[in-house]
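For reference, the chains in residue letters:
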Amino acid sequence: MTYRDICQFLCCRYDEGEARAVARYLLEVGYGLSMSDILCGAVEQLPQAELKEKMQRLVDGEPVQYVVGTAEFCGRRFHVAPGVLIPRPETAELCQWITEDHHPTPNTQHSPVGGIRGALSILDIGTGSGCIAITLALDIPNAEVETWDISNEALAIAQQNAKALNANVSFKEKDIIKCGLNPALGDGYKVDIIVSNPPYIVPSESAAMSETVLNHEPDIALFTPEDDPLKFYRAISDYAKTALLPQGKLYFEINPLFAQQLEALLKEQGFGDITFKNDQYGKQRFVRATLNK
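Predicted, not measured: the structure shown is a model, and the values here were computed from it.

Enquirer: Just checking my understanding: could you explain the overall build of the chain for this structure?
Expert: Helix and strand counts for the chain stand at 13 helices and 11 strands. Its C-alpha atoms give the chain a radius of gyration of 21 Å, near enough to 19 Å, the size a compact globule of 293 residues would have. If one aligns the C-alpha atoms of the chain with their principal axes, the spans along those axes are about 65 × 45 × 35 Å. Within the chain, buried positions represent 52% of all 293 residues. In the chain, 64% of the contacts between residues at least 6 apart in sequence involve partners at least 24 apart. Of the roughly 13,500 Å² of accessible surface on the chain, 49% is carried by carbon and sulfur atoms. Taken together, the 26 basic and 39 acidic charged side chains of the chain have centroids lying 4 Å from each other.

Enquirer: Quick question: what am I supposed to make of the nonpolar core here?
Expert: Among soluble globular proteins, nonpolar side chains are generally buried collectively. By size, the foremost hydrophobic cluster in this structure holds 36 residues, and its most contacted members are Ile176, Ile194, Leu250, Phe252, Leu262 and Leu266. Elements with a contribution of two residues or more to this core: β5 (120-125), α9 (176-181), β8 (191-196), α12 (231-243), β9 (244-253), α13 (259-268), β10 (271-278) and β11 (284-291). A total of 7 residues in this core trace back to one element, the largest contributor, which is α12. Filtering out sequence-adjacent residues up to four positions away, Leu266 remains in contact with Ser237, Leu250, Phe252, Phe271, Ile274, Val287 and Ala289. Grouped together as the second largest cluster of nonpolar side chains are 32 residues, Ala19, Leu27, Ala71 and Val84 included.

Enquirer: Help me out: how do you make sense of unusual backbone geometry in this one?
Expert: Negative phi values dominate among residues other than glycine, just as trans dominates among peptide bonds. Of note in this structure, Cys74 is not a glycine but carries a positive phi near 50°. Mapped onto the elements of the fold, Cys74 is located in the loop between β1 (70-73) and β2 (76-79). You will see that Asn166, though not glycine, has its phi angle at about 60°, which is positive. On the secondary structure map, Asn166 appears in the loop between α8 (152-164) and β7 (169-173). Judged by relative accessible area, Asn166 falls into the exposed class, the value being 67%.

Enquirer: I would appreciate a short explanation of the pairing of β7 in the present structure.
Expert: The side chains of a regular strand alternate between the sheet's two faces. In this structure, strand β6 (residues 143-149) lies alongside β7, joined through 5 bridges in parallel fashion. Along β7, the bridge assignment pairs Thr147 with Phe171. The parallel pair β6 and β7 is bridged by α8, and the resulting crossover is right-handed.

Enquirer: Is there a simple way to explain the sheet that holds β5 in this structure?
Expert: A sheet is described by the order of its strands in space; here 7 strands give the open sequence β7-β6-β5-β8-β9-β11-β10, paired in mixed fashion. If you trace the sheet from one side to the other, it starts and ends with β7 and β10, each paired once. If you compare each strand with its neighbour and ignore which way they point, the axes differ by 20° on average. Pairing of β8 with β9, which is carried by 5 bridges, proceeds in the parallel orientation. Note on β9: the bridge partner recorded for Ile194 is Leu250. Here helix α7 (residues 131-139) sits on the sheet in contact with β5, β6, β7 and β8, set at roughly 175° to β6.

The rules behind these values
Residues numbered from 1 in each chain as written. Predicted model: local features only at pLDDT ≥ 70, side-chain atom pairs only at ≥ 80, totals over all residues. Heavy atoms only, no water. Helix = DSSP H or I, 4+ residues; strand = E, 2+ residues; numbered from the N terminus. Rg over C-alpha atoms; globule rule 2.2 N^0.38 Å. Buried < 20%, exposed > 50% of the residue type's maximum accessible area, 1.4 Å probe, protein only. Contact = heavy atoms within 4.5 Å. Areas by Shrake-Rupley, 256 points an atom, 1.4 Å probe, with all protein chains shown as cover. Lys, Arg positive; Asp, Glu negative; His and termini not counted. Charge placed at Lys NZ, Arg CZ, Asp CG, Glu CD. Core = buried A, V, L, I, M, F, W, Y, C linked by side-chain atoms within 4.5 Å. Pairing = 2+ DSSP bridges. Right-handed = clockwise from strand over helix to strand, strands pointing away. Axes fitted to C-alpha atoms, helices over the stretch in contact; angles between N-to-C directions.

See the structure below:
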């Protein structure tokens, strides 16, 4: 089995360029081969039965990140499995925005949110693989990060990633819908920043989505009710009203289709200084809001 053989096999699922990219990801990330190794015949030394099994999974539509068990995010590798979403480049842009807003300058440890304090407290809601929480914990030197998820499977994967990447993050099993209705369930935790990439796709959008995503990534992390597209944003902002410190910041990844509705909701909830930001594809993908108190 050669690199060319793999590419040709994958062409029954992908176009030629995609097949080459997927093959390289499989070999470079999954087996640690450099392109020089690949071109010099190292592929032929791999366990062929295992390689063929992985190739078949790819042809059957399983994302290469699940096949390999690893996804790239913000220059790091995160373990992923079907119980969590595969981290997206757009979400990395959200982390970059937060980091740029709150990274301390060389001459001060002032929190841009809460004044002069020794740490910047961050709560990530709906952590999945832990990619947001871990990235912020590692990239903002004075960050103290806690993260929640409703899924035990997701929390186990996120904890594994935090340990592997040596990130100091605390994890709790929490249902944000319940916490939105009863903020006391959040244990009285007060923070400078709340960030979330919640489920924001309505079912009617699924017709335009890739079968690879629909058939393999968890619905619970993707979809919100058709008749209530802001369900999770409402719950998080309800909770944030009591959990954020004065002038605390709320950051969301969003569905561009509902940006105007979300802006109205945030204003009703007492948030101001509402700023939307486009992703690298020019879509209105993120929002930042400040608690007016």
